[in-house]
Protein chains: 2
Amino acid sequence: MENMAGMHRSCGCGEVKDNDSGKVLTLAGWVQRRRDHGGLIFIDLRDRTGLVQLVFSPQYGEEAFHKAEDVRNEYVVAVVGKVRERSEETINPHMKTGRLEVVVSEMRVLNKAKTPPFYIEDGVDVDENVRLRYRYLDLRRPEMQRNLIMRHKITHEMREFLDERGFLEIETPMLTKSTPEGARDYLVPSRVNPGKFYALPQSPQLFKQLLMVSGFERYFQVARCFRDEDLRADRQPEFTQLDMEVSFEDQDFILDLVEHMMQRVFKNVLDVDIQIPFQRITWTDAMNLYGSDKPDLRFDMHFYDISDLLRDTGFKVFRNVLDNGGVVKAINVKGDAKIPRRELDGLVEYVGHYGAKGLAWIGFNEDGTLKCQITKFLGEDKIREIGRFCEAEKGDLILIIADKPKVVAQALGELRLEMGRRMNLIDPNEFCFRWVVDFPMFEYSEEEKRYVAEHHPFTAPRDEDVQYLLTNPEKVYAKAYDMVLNGVEAGGGSLRIYQEDLQEKVFQAIGISKEEAEEKFGFLLKAFQYGAPPHEGLAFGLDRLVMLMLHRESIRDVIAFPKTQSAIDQMSEAPNVVTDKQLDELHIKLVTKEDKEKELF
Amino acid sequence: MENMAGMHRSCGCGEVKDNDSGKVLTLAGWVQRRRDHGGLIFIDLRDRTGLVQLVFSPQYGEEAFHKAEDVRNEYVVAVVGKVRERSEETINPHMKTGRLEVVVSEMRVLNKAKTPPFYIEDGVDVDENVRLRYRYLDLRRPEMQRNLIMRHKITHEMREFLDERGFLEIETPMLTKSTPEGARDYLVPSRVNPGKFYALPQSPQLFKQLLMVSGFERYFQVARCFRDEDLRADRQPEFTQLDMEVSFEDQDFILDLVEHMMQRVFKNVLDVDIQIPFQRITWTDAMNLYGSDKPDLRFDMHFYDISDLLRDTGFKVFRNVLDNGGVVKAINVKGDAKIPRRELDGLVEYVGHYGAKGLAWIGFNEDGTLKCQITKFLGEDKIREIGRFCEAEKGDLILIIADKPKVVAQALGELRLEMGRRMNLIDPNEFCFRWVVDFPMFEYSEEEKRYVAEHHPFTAPRDEDVQYLLTNPEKVYAKAYDMVLNGVEAGGGSLRIYQEDLQEKVFQAIGISKEEAEEKFGFLLKAFQYGAPPHEGLAFGLDRLVMLMLHRESIRDVIAFPKTQSAIDQMSEAPNVVTDKQLDELHIKLVTKEDKEKELF
């Protein structure tokens, strides 16, 4: 094998430009493809910047030609050659450098390569497990290169923006304290403190609030976070947050700040203009109109609450629902009256997955007739009244669900999304931002028979709702906000409680005693006694935001070395077994099958 | 307590400028100090930007005045007031805003504060444990604020620079595979993979090399790393590296790149000009001349090897050393001949700590006489000859150590530093960079009775030394380099082996079998078979570099929430005990005292 001693790359392969014609360049990269053709050898050479065609002939360089006879795909080579324009008929319009080729006078073969298990090109149809096992080869594919290059640019632009606005990036610890609240912690046994454990942080929440107590005023961090939860398709055991916190400002400040940051990042990275300010919608409106706290508003198709139209009806199905605190809601699918009956049956099944016991429909046929299975129960007048209420025109399809509010919200919300997709109402290239504001402060936990904090117990209630904290917790809304992008929660935050008396009331509302609070959050509460400023903050799921920006389906596509749903790194085979000596030093031992059996008896 | 509703800060306290006089500003921050003075109340208000003096009087704002009567140090307040120039005699020249004061018309008390356990000001004499326990208060002190603000700026400038040079920041996993090589890993038990463990990364070394195999060509990361070693004064269980790797370039490229990066960071953050290129010194010269692979070259005082002058002497002490492969070396402490005998005895003791059995001296008195305890053994001629060889002039002091080369290097190296300090030769404001290059490839491990890799086994040997790999490993030097700043290793790196045959030879040289290599580094070696480019990289200890740049004594001063030498976070009390349920889920249990006793019998 040879090396590059004395050679210096002139530019990237994809950077060879028309006006380089005639110049002698040094290039290096991987062999994408080799073709022998009439005494000439052509090689497409690839690096991070793209491809360029090399030409070898004994007359241009005999040694290089003979080496070229032996190279194969993915060999690593460096070449010296003269750029020339291709003849008209050999121009490749699909290639950035397709008008040029490099006539090679010298080549060094820097490394050989075995045949890769899949082609190094976009759109290959490979099992994801193979891609993950050979991640270093998967990452050679141009689309994966682009994903990580864009991720770098997005993060870099965010940092630029926040630095300009006076935010300081401050690193917080990874070896932290385990708190029983929230998701499951990853634990790290301590060698020098036998029997004790660190926890990897689920977020830098407590530390960033402490930094506000410390007077840093504007903090951010691109922070690795960890949650040992069962993994869904878009979850990873470790993920990255853009985490922010600011003192002495109000909600408008931070929403405005984030809007400007997004505008800049989208413009500078994607060259996409996004309109600011983002529209704001209250949590209550979002739930009422779209059945979701993260509505995809690339299309409207909002809910109509037709409960009141149906209170006097004799139709038992609706009456029973309404009499038991349920609601009847509808969506208007414009122009879908022609939907075949078979598809309607499929929709009934679809909403069934989300707990809805049935689905009613009213098709307003172009000829003025109705396609409706409930006319006989409600009468045509009532059906027409519903149609008018739902702004139905000829050709429209009304879909109706009657159930408990939660079920209607979820089932009709999912149905709305499904109909949006079927009717091609969703522009995949659109970026639709919304702020969802005024979240409820508490949620009633059926399991624990008490109210629990919807966000976390440091979230501040709205001033006007403080009076209800101890009497009507369900009436209390929080100074909390989520940024929703295309129906996905991209980030969320809140103003924090910073005053002792209010914090105590909130703990009381969710049934946390002083002692319990002290034990769980002691050091933060203690810090708050020494002059905590008003502060607020939010965090973005960076993996997810990058995924959305790049129109990818999975966050694994925007993470260099992701883990599978079993939390395994297929490439390195982490986690793995460790030695007894290692466990010994950590004062732990494995629980064996026998141990478990013993416990049973 | 009040809030800031409707208020917006005009600027920071320390940002109030002379031409703000007459303007009405809104400010917020912490009460640094309150003074009552002749019916007026003065408050120094502090925020991240500095201090400004507030004035309260019933005539300017009665309510504000009465509130001001009650506020105490570290209360959080927001004020509205008019800026005015102070009268000539009340100007405070030590304060940036000392020519101005703000006459307060409105004040809101945002939060109270208990009396802090120490003053929030620079230079307080507090036990470090108290500072760490109340870290949120310690971080309010201006010098700690400055440390973290500067750390942010340093890191930001590095990112800027590397981005401009085409480097991509790519995040690598924190939950990785444990490898038995190197320092002790922090382990993380896996819940879904019973009996298996992740390791927290000691560095992203393997991943960054894989990213080169993936063709990213230029990578960097500000990466958290973990080592479960017994902590010394300047070590932390988690620390931060600026980690870099680059393909298709040579050593000169990366040294030049780093020099430009340092030049820019020092200029833009500290406004300090540093000269580039940094001088390079081979490892061999550094060891011979200064007894250290990280010499502090803010002063010279190099070693003189006087062994050859002494081979023919009858003085047994030197003869025995020389006959047994030892060396005799000296330093010339200019102008220190007047050193009292008592201090010389102290130096004998000092070098004793580093293993030297003795210390000889020759003082060249101003009157031409000698102060020397070995004249009687060597004769004055020989002493004068040594003096000439060591370039001694009248008034100089020669200090001599004879011992094994390693002992001489360490003891005389430490003595050199000590004499540099005593003679005030070290300018604390100077930044003296050096590259130490051509490190030995291997080190003989007395413990393992074999050669081990000095850096790591992927470090490439110099081309001209490859021939000695299997025959004379001690003759092989590596393409490895360290950046030394003021005698501290600030960073280090190397060119990597990227070709299979060379890698195999190196494994062979250090006695690692193919199977063993496969088991330890399998996935990297496998990746290398698919076309690895020539690559190299280095890493800086960011904490240490920031510490040096800010002239701090401890890296704890440049880390927001550091741990103690027992790896404890004094503030949050991490690590702590966890619940049995948590351990159960992780399939581990604690080894109890009883377990340990059982094992003994």
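Per an unreviewed UniProt entry, the recorded name for chain A is Aspartate--tRNA(Asp/Asn) ligase, and the organism is Allisonella histaminiformans. As recorded by UniProt, the Subunit (unreviewed entry) comment attached to chain A reads in full: "Homodimer." Of the comments in the UniProt record for chain A, the one headed Catalytic activity (unreviewed entry) reads "tRNA(Asx) + L-aspartate + ATP = L-aspartyl-tRNA(Asx) + AMP + diphosphate".

Q: Mind showing me how you'd approach the UniProt feature "binding site: ATP" (unreviewed entry) in chain A here?
A: According to UniProt, the "binding site: ATP" (unreviewed entry) feature falls on A:Arg227, A:Asp228, A:Glu229, A:Gln236, A:Glu489, A:Gly541, A:Leu542, A:Asp543 and A:Arg544. Relative to the elements of secondary structure, A:Glu229 occurs in the loop between strand E9 (218-226) and strand E10 (238-247). Judged by its relative accessible area of 28%, A:Glu229 falls in the partly exposed class. Sequence-distant contacts of A:Glu229, that is, excluding residues within four places in its chain, are made with A:Ala183, A:Arg184 and B:Arg191. Reaching out from A:Glu229, the side chain makes a polar contact with the backbone nitrogen of A:Arg184 at a distance of 2.7 Å. Tracing the chain through its elements places A:Arg544 in helix H16 (residues 542-549). The exposure class of A:Arg544 is partly exposed, given its relative accessible area of 24%. When residues no more than four places from it in sequence are discounted, the contact partners of A:Arg544 are A:Asp234, A:Val488, A:Glu489 and A:Ile555.

Q: Mind showing me how you'd approach the UniProt feature "binding site: L-aspartate" (unreviewed entry) in chain A here?
A: Residue and element names in this part refer to chain A. Under the UniProt annotation, "binding site: L-aspartate" (unreviewed entry) lies at Glu181, Arg227, His455 and Arg496. Looking at the element boundaries, Arg227 is found in the loop between E9 and E10. Here Arg227 is in contact with Ala183, Arg184, Tyr186, Gln202, Pro237, Phe239 and Gln241, once residues within four sequence places are set aside. Its location among the elements puts His455 in the loop between strand E19 (450-453) and strand E20 (480-485). Once residues lying within four places of it in the same chain are set aside, the contact partners of His455 are Phe439, Ala480, Asp482 and Gly493.

Q: I'm lost on the relation of the copies chain A and chain B in this one. Help?
A: Superposition of the two copies of the chain requires a rotation about an axis together with a shift along that axis. Superposing chain A onto chain B takes a rotation of 180° plus a shift of 0.0 Å along the axis, which leaves an RMSD of 0.1 Å. What the superposition gives is, in effect, a two-fold axis relating one chain to the other. In terms of proximity to the rotation axis, the leading residue of chain A is A:Val188, whose C-alpha is 2.5 Å off the axis. Interface overlap between copies: 99% of the residues of chain A at the interface are likewise at the interface in chain B, consistent with a symmetric, same-surface contact.

Q: Just to check I follow, could you spell out the domain arrangement of chain A for this structure?
A: Where interface size is given, it is often the accessible area lost as the parts come together that is meant. On domain assignment, one finds that chain A holds domain 1 (13-111) and domain 2 (299-426). Distance from the C-alpha centre of domain 1 of chain A to the C-alpha centre of domain 2 of chain A: 63 Å.

Q: What should I look at first to understand the side chain of A:Thr459 in this one?
A: Note on placement: A:Thr459 falls in the loop between E19 and E20. Not counting residues within four places of it along the chain, the set of residues in contact with A:Thr459 comprises A:Met441, A:Ala478, A:Ala480, A:Ser494, A:Leu495 and A:Ile497.

Q: Looking at this structure, I do not really get the interface of chain A and chain B. What am I missing?
A: Each partner contributes residues to the interface: chain A has 128 residues there, and chain B has 128 residues. Summed over both partners, the interface of chain A with chain B comes to about 11,400 Å²; 56% of that surface belongs to carbon and sulfur atoms. On the chain A side of the interface with chain B, the three residues burying the most area are A:Arg48, A:Phe248 and A:Tyr530, jointly 7% of the side's total. Here chain A is connected to chain B by 14 salt bridges. At the junction of chain A and chain B, the tally comes to 81 residue pairs in polar contact (both at pLDDT 80 or more). Among the elements that take part in the side of chain A that touches chain B, helix H4 (residues 142-164) of chain A stands out by supplying ten residues, more than any other.

Q: So what exactly am I meant to see when it comes to the sheet that holds strand E11 (residues 279-282) of chain A here?
A: Sheet strands pair by backbone hydrogen bonding; their relative direction is either parallel or antiparallel. Residues and elements named next belong to chain A. Spatially, E6-E9-E10-E22-E21-E20-E17-E11 is the arrangement adopted by the eight strands of the open sheet, whose pairing is mixed. Only two strands of the sheet have a single neighbouring strand rather than two, namely strand E6 (168-169) and E11. Here E6 runs beside E9; their pairing, made up of two bridges, is parallel. Note on E9: the bridge partner recorded for Glu169 is Phe220.

Q: I would appreciate a short explanation of the pairing of strand E16 (residues 397-403) of chain B in the present structure.
A: One face of the sheet, then the other: side chains in a regular strand alternate in exactly this way. Residue and element names in this part refer to chain B. Within E16, seven of the seven residues are buried, leaving the element largely enclosed by the surrounding structure. Burial of E16 is two-sided: the residues Leu397, Leu399, Ile401 and Asp403 facing one way and the residues Ile398, Ile400 and Ala402 facing the other way are all buried. Of the strand pairs in this sheet, strand E13 (residues 327-333) and E16 are connected by seven bridges, and their pairing is antiparallel. Residue pairing across strands places Val333 opposite Leu397, the latter belonging to E16. Sheet topology places strand E14 (residues 360-364) next to E16; four bridges connect them, and they run antiparallel. Residue pairing across strands places Gly363 opposite Leu397, the latter belonging to E16.

Q: Would you take a moment to explain the environment of A:Asp122 for this structure?
A: Residue and element names in this part refer to chain A. Tracing the chain through its elements places Asp122 in the loop between strand E5 (100-111) and helix H2 (128-133). Counting along the chain gives 20 residues from Asp122 to Pro142, while the straight-line C-alpha distance between them is 6.2 Å. At 2.7 Å, the side chain of Asp122 and the backbone nitrogen of Glu143 are in polar contact.

Q: Explain the packing of helix H4 (residues 142-164) of chain B against helix H16 (residues 542-549) of chain B to me, please; I cannot follow it from the model alone.
A: Think of two packed helices as two axes; the pair is described by the angle between the axes and how far apart they sit. Residues and elements named next belong to chain B. As a packed pair, H4 and H16 sit with axes 10 Å apart at the nearest point and diverge in direction by 115°. You can see that H4 and H16 cross each other, and the crossing is right-handed. Where H4 approaches H16, its residues Arg151, Ile154, Thr155 and Met158 are matched on the opposing element by Leu542, Asp543, Leu545, Val546 and Met549. In terms of residue class, the contact of H4 with H16 is built from six nonpolar, one polar and two charged.

Q: Got a minute to help me understand the environment of B:Gly491 in this structure?
A: Residues and elements named next belong to chain B. Position of Gly491 among the secondary structure elements: in strand E21 (residues 488-495). Judged by its relative accessible area of 3%, Gly491 falls in the buried class. Sequence separation between Gly491 and Gln241 is 250 residues; the distance between their C-alpha atoms is 9.0 Å. When residues no more than four places from it in sequence are discounted, the contact partners of Gly491 are Tyr481, Asp482, Met483, Ala539 and Phe540.

Q: In this structure, what is going on with the pairing of E13(B)? I would like to understand it.
A: Residue and element names in this part refer to chain B. Burial within E13 is extensive, with seven of its seven residues counted as buried. Of the two faces of E13, the one lined by Val327, Lys329, Ile331 and Val333 and the one lined by Val328, Ala330 and Asn332 are each fully buried. Note that strand E12 (residues 304-305) and E13 share two bridges and pair antiparallel. What sits directly across from Tyr304, in E13, is Ala330.

Q: Sorry, what's going on with the packing of aromatic side chains here?
A: Given two aromatic rings, one states the distance between the centres and the angle between the planes to describe the pair. In this structure the tally under the stated criterion is 34 aromatic pairs over all chains. Taking 6.1 Å as the distance between ring centres and 35° as the angle between the ring planes, the aromatic pair formed by A:Phe278 and A:Trp435 counts as tilted. Taken together, the residues span a long stretch of sequence, with A:Phe278 in the loop between helix H6 (251-270) and E11 and A:Trp435 in strand E17 (residues 433-437) at a distance of 157 residues. A:Trp435 shares its class with A:Phe278; the two are buried. Taking 5.0 Å as the distance between ring centres and 55° as the angle between the ring planes, the aromatic pair formed by A:Phe561 and B:Phe207 counts as tilted. With A:Phe561 in the loop between H16 and helix H17 (580-585) and B:Phe207 in helix H5 (residues 205-213), this residue pair bridges two chains.

The rules behind the values
- Residues numbered from 1 in each chain as written.
- Chains lettered and ligands numbered in written order.
- Predicted model: local features only at pLDDT ≥ 70, side-chain atom pairs only at ≥ 80, totals over all residues.
- Heavy atoms only, no water.
- UniProt positions renumbered as here; feature names shortened; annotations may be inferred.
- Helix = DSSP H or I, 4+ residues; strand = E, 2+ residues; numbered from the N terminus.
- Buried < 20%, exposed > 50% of the residue type's maximum accessible area, 1.4 Å probe, protein only.
- Contact = heavy atoms within 4.5 Å.
- Polar contact = N/O pair within 3.5 Å; in protein donor to acceptor, adjacent residues only side chain to side chain.
- Least-squares fit on C-alpha atoms with pLDDT ≥ 70 in both.
- Domains from an automatic or database assignment.
- Buried area = accessible area lost by both parts, 1.4 Å probe.
- Salt bridge = Lys/Arg side-chain N within 4 Å of Asp/Glu carboxyl O.
- Pairing = 2+ DSSP bridges.
- Axes fitted to C-alpha atoms, helices over the stretch in contact; angles between N-to-C directions.
- Left-handed = near helix turned anticlockwise from the far one by under 90°.
- Nonpolar A, V, L, I, M, F, W, Y, C, P; charged D, E, K, R; others polar.
- Phe/Tyr/Trp six-rings, centres within 6.5 Å; stacked < 30°, edge-to-face > 60°.

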